[in-house]
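Close look at the chain arrangement
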Amino acid sequence: MAEPLILNGKALATEIEAELSVRVQKLVEKTGRTPVLATILVGDNPASVTYVTMKGKACRRVGLEPRRVEMPAETTTEELLAQIEALNEDPDVCGILLQHPVPRHIDEARCFNAIAPVKDVDGVNVASFGAVTMKQEGYRSATPGGIIRILKHYGVELAGKEVVVIGRSPILGKPVAMLLLNEDATVTIAHSRTENLPEIVRRADVVVAAVGKPRFVQADWVKEGAVLVDAGYNAGNVGDIDLENCISKCSAYTPVPGGVGPMTICTLMEQSVQAAEKMWGV
Ligand code: NAP
């Protein structure tokens, strides 16, 4: 088989960010204000600290002002809700991101849903999910949005194709399945109770792995010529697909790192810029 196409998320994200920085510059010139993306970090989970830092750096690259709100691990749901409400009311804040996961004692879903839909640039609340699923105006969950964007950019055909999504989390598996359905793919959603997973994956023209288990998808599950999207990001820069052994079988794949990760951050940036443009009428 010919060498597979590398779906290069890093390169595409760099292109998109360059366009975004022009839009932000225009916003600042017209309004004399810099839009703020607020990130809330509860506790000090090292992976979450890294993600929030990466998002702050991306803000600076495109010209948004990052505002990092750090709250102790003992924060209660009520305290977090009050913080979200304050950011909802702040006219400089155009986007709010609550870093997932929050400590277990906090009602994360309630906090996600408290983010005003106009500022829900990470697409985590049920209003955003419902709107996007019904093809109405709303912000996409960032990783699913980034996955669709990269597939479209590289011309991966989705209409009529068999797509298997492994994982059904509210921020990844479930919303990416809805976006793929909206692209007219025939979508199967697999999860921890799915039986005969290898057989199901063997049918797929496109596999989206969002499991959180290193190298979970095996080469002998993959159909010749399939497109592999690896959303996983595990310790040691390892994804959820055994990419090393799948490369000779697939027609295209997202590398880890440099595939889905940068597309997630640039979708967050893009939606933050859109939110600022809408809120400030530019
Ligand atoms: P999650 O909330 O832990 O969800 C994992 C999903 O995988 C669940 O739906 C679970 O099924 C399913 N699953 C677990 N074991 C399985 C098995 N043996 N067979 C089939 N399905 C199984 O994880 P997540 O937040 O969606 O994240 C998934 C991966 O994406 C992780 O590696 C994470 O680090 C990565 N991620 C990357 C980015 C990025 O920007 N690149 C962003 C977010 C997440 P049940 O529902 O039945 O439990």
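One can find the structure itself at the top, above this paragraph.
Residues numbered from 1 in each chain as written. Predicted model: local features only at pLDDT ≥ 70, side-chain atom pairs only at ≥ 80, totals over all residues. Heavy atoms only, no water.

Remarks on the state of the cysteines
Heads up, the rule is: Note that a disulfide, as used here, is simply two cysteine sulfur atoms within 2.5 Å. Categorising residues by exposure relies on relative accessible area from a 1.4 Å probe, with only protein chains included: less than 20% of the type maximum marks a residue as buried, more than 50% marks it as exposed, and the intermediate range marks it as partly exposed.
The tally for this structure, following the rule as stated, stands at zero disulfides. Of all cysteine sulfurs, the one in Cys 59 lies closest to Cys 94, which takes part in no disulfide; the gap is 11 Å. Since its relative accessible area comes to 1%, Cys 94 is described here as buried. Unpaired in terms of disulfides, Cys 246 finds its nearest cysteine sulfur in Cys 250, a separation of 6.9 Å.

So, the sheet that holds strand 6 (residues 186-190)
In sheet architecture, strand pairing relies on hydrogen bonds along the backbone and comes in two forms, parallel and antiparallel. The criterion, for reference: Two strands make a pair as long as DSSP finds a minimum of two bridges between them. Put simply, DSSP marks the helices as runs of H or I at least four residues long and the strands as runs of E at least two long, and each gets a number from the N terminus on.
Read across the sheet, six strands follow the order 1-9-8-7-5-6 without closing on themselves; strand pairing throughout is parallel. With one partner strand each, in any of the chains shown, strand 1 (5-6) and strand 6 form the two edges of the open sheet. The pairing of strand 5 (residues 162-166) with strand 6 spans five bridges and is classified as parallel. From the neighbouring strand, Ile 166 faces strand 6, where its bridge partner is Ala 190.

Structural notes on the site of the ligand
We count it as follows: Each residue is tested against the molecule or strand, and it is near if at least one of its non-hydrogen atoms lies within 4 Å. Polar contacts, as counted here, are pairs of nitrogen or oxygen atoms within 3.5 Å of one another; within protein the pair requires one atom able to donate a hydrogen and one able to accept it, and residues that are adjacent in sequence qualify only if both atoms are side-chain atoms. For every accessible area listed, the method is Shrake-Rupley and the probe measures 1.4 Å; residues are considered covered only by the protein chains on display. Under the scheme applied, nonpolar residues are Ala, Val, Leu, Ile, Met, Phe, Trp, Tyr, Cys and Pro; charged residues are Asp, Glu, Lys and Arg; polar residues are all the others, including Gly.
Near the ligand lie 23 residues; those nearest to it are Arg 168, Ser 169, Ser 192, Ala 231 and Thr 264. At a separation of 3.2 Å, a nitrogen atom of the ligand approaches a polar side-chain atom of Lys 213. For the ligand, whose unbound accessible area comes to 930 Å², protein coverage reaches 72%. With three residues, the top contributor of residues to the shell around the ligand is helix 10 (residues 260-279). Of the residues in the shell around the ligand, the class split is 10 nonpolar, 10 polar and three charged.

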